[in-house]
Amino acid sequence: MAIKDIYEGVLAFQVDKVKELTRTELEAGTDIQTILNDGLIGAMDEVGQKFSEGSLFVPEMLMAAQAMKAGLEILKPHLTEEVSHSKGTVVIGTVKGDLHDIGKNLVAMMMEGAGLSVVDLGVDVDAEKFVEAAKENNAHVVALSALLTTTMPAMDTTIKAIKEAGLDTKSIVGGAPVTEAFANQIGADGHSDDAPGAVELVRRLVGA
Ligand code: B1M
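Residues numbered from 1 in each chain as written. Predicted model: local features only at pLDDT ≥ 70, side-chain atom pairs only at ≥ 80, totals over all residues. Heavy atoms only, no water.

A. Structural context of the overall build of the protein chain. A count of helical and extended segments in the protein chain gives nine helices and five strands. The C-alpha radius of gyration of the protein chain comes to 17 Å, within 12% of the 17 Å expected for a compact globule of 208 residues. Each of the three principal axes of the protein chain carries a C-alpha extent, and together these read 50 × 45 × 25 Å. For the protein chain, buried positions account for 47% of its 208 residues. Considering only contacts within the protein chain whose residues lie at least 6 apart along the sequence, 72% involve residues at least 24 apart. Entry remark: accessible area of the protein chain is about 10,300 Å², with carbon and sulfur atoms responsible for 51%. Averaging the coordinates of the 17 positive side-chain charges in the protein chain and doing the same for the 32 negative ones gives two points 3 Å apart. (Helix = DSSP H or I, 4+ residues; strand = E, 2+ residues; numbered from the N terminus. Rg over C-alpha atoms; globule rule 2.2 N^0.38 Å. Buried < 20%, exposed > 50% of the residue type's maximum accessible area, 1.4 Å probe, protein only. Contact = heavy atoms within 4.5 Å. Areas by Shrake-Rupley, 256 points an atom, 1.4 Å probe, with all protein chains shown as cover. Lys, Arg positive; Asp, Glu negative; His and termini not counted. Charge placed at Lys NZ, Arg CZ, Asp CG, Glu CD.)

B. The arrangement of the pattern of salt bridges in detail. Here the structure, examined in full by the defined rule, presents seven salt bridges. Ionic pairing is found between E46 and K50, a salt bridge with its closest N-O pair at 3.4 Å. Here E46 and its partner K50 are both found in helix α3 (residues 32-53), four residues apart, which amounts to about one turn of the helix. The exposure class assigned to E46 is partly exposed, which follows from its relative accessible area of 24%. The salt bridge partner of E200 is R203, with a shortest N-O separation of 3.0 Å. With E200 and R203 both in helix α9 (residues 195-206) and three residues apart, this pair spans about one turn of that helix. (Salt bridge = Lys/Arg side-chain N within 4 Å of Asp/Glu carboxyl O.)

C. Representation of the layout of surface pockets. Estimated volume of the largest pocket: approximately 1,400 Å³. Residue lining of the largest pocket: 45 residues in total, with H100, I102, G103, L147 and A176 positioned closest to the centre. Counting only elements with at least two residues in the lining of the largest pocket, the list comes to α3, α4 (58-75), α5 (102-113), β3 (141-145), β4 (170-174) and α9. When residues of the lining of the largest pocket are assigned to their parent elements, the largest contribution, nine residues, is made by α3. Per-class residue counts for the lining of the largest pocket are 27 nonpolar, eleven polar and seven charged. Here the lining of the largest pocket gathers at least three residues from each of two domains, domain 1 (2-83) and domain 2 (87-206). (1 Å grid on protein atoms, 1.4 Å probe; cavity = no way out; pocket = protein on both sides within 12 Å on 5 of 7 lines; lining within 4 Å. Points joined across faces, edges and corners; volume = space filled by probe spheres on them. Nonpolar A, V, L, I, M, F, W, Y, C, P; charged D, E, K, R; others polar. Domains from an automatic or database assignment.)

D. Highlighting the site of the ligand. In the vicinity of the ligand lie 38 residues, with S52, L99, H100, D101 and S145 positioned nearest. For the ligand, a nitrogen atom lies 3.5 Å from a polar atom in the backbone of M44. Separating a nitrogen atom of the ligand from a side-chain N or O atom of S145 is a distance of 2.8 Å. Applying the majority rule of atoms within 2 Å of the grid points places the ligand in the largest pocket. The set of elements that each furnish at least two residues to the shell around the ligand consists of α3, α4, α5, β3, β4 and α9. The element that contributes the greatest number of residues to the shell around the ligand is α3, accounting for seven residues. Here the residues of the shell around the ligand sort into 22 nonpolar, ten polar and six charged. Composition of the shell around the ligand by domain shows at least three residues from each of domain 1 (2-83) and domain 2 (87-206). (Near = heavy atom within 4 Å. Polar contact = N/O pair within 3.5 Å; in protein donor to acceptor, adjacent residues only side chain to side chain. Sits in = over half its atoms within 2 Å of the grid points.)

E. Inspection of the sheet that holds strand β1 (residues 89-94) at higher detail. Reading across the sheet, the five strands line up as β2-β1-β3-β4-β5 and stay open at both edges, with parallel pairing between neighbours. Two strands close off the open sheet at either side, each with one partner strand: β2 (117-120) and β5 (190-192). Ignoring strand direction, the axes of neighbouring strands in this sheet form an average angle of 25°. Where β1 meets β2, four bridges bridge the pair, whose relative direction is parallel. (Pairing = 2+ DSSP bridges. Axes fitted to C-alpha atoms, helices over the stretch in contact; angles between N-to-C directions.)

Okay, structure coming up:
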């Protein structure tokens with residue numbers, strides 16, 4: 001019942017309610033992935049569907065995103081396990097032209113939770129900034145997120161820039177419109193549909 005309330009809370013843009021219900025569910029011992037998938041992420045899927053149908057607009061999409069973020073913040077400490085040594089460094093960001101950051105933040109949180117050092121460059125990040133950050137931080141992996149079909153080409157540009165810079169850094173891509181075929185086409189070292197998959201992918205790439 002309460003998971004459904006979290007879902008409804010996101011759809012009704014109720015930041016405080018989503019926060020409170022997420023905390024209640026955690027305390028009741030509900031599995032984090034269930035809270036995420038059936039509550040928070042599920043609701044955002046419905047928001048996206050309504051936007052496509054024209055029954056909901058950008059301001060509402062933003063308010064729903066704020067409610068979802070509030071829930072995610074409550075889950076964050078529980079996505080993090082105690083680790084003493086970093087298992088690798090990941091530079092992550094949403095590519096140039098794209099402002100969607102919820103999925104990217106979730107991926108970053110789960111990577112931190114898995115003991116990786118994460119340098120988060122935020123949104124609308126151009127290729128040069130990814131290259132600079134990868135150099136400065138001796139990154140093992142650069143992780144690129146895109147939610148718009150129109151910003152997927154920026155992944156290609158970024159991967160080319162990493163290769164041209166001669167860096168020994170792997171690159172991975174993800175986000176709703178990104179497919180395995182696209183990842184292969186642009187020469188990425190890996191692709192994942194979701195945050196746990198991205199963590200597994202990085203673990204494999206860094207041998208952790
Ligand atoms: Co936008 N938006 N949006 N939006 N938005 C989508 C993406 C859209 C699918 C909605 C729709 O039409 N149904 C559509 C894109 C269509 C397309 O190109 N295919 C769209 C559009 C069109 C737009 C605008 C152009 C609207 C406009 O202005 N006319 C505009 C673009 C702005 C820009 O970026 N330049 C826009 C704006 C916005 C808001 C700012 C209002 C807001 C974002 C707020 C924010 O992020 N801070 C927003 C939102 C909230 C959405 C939807 C509703 C939800 C996205 C989300 O947060 N989902 C979205 C519809 C949808 O996805 N259902 C939509 C929850 C999140 C947990 O999932 O980000 O997919 P997601 O992340 C997943 C996986 O994709 C994966 O892991 C996560 C889960 O485990 N993943 C990775 C993500 N990154 C990864 C990286 C990895 C691996 C996995 O490795 C590196």
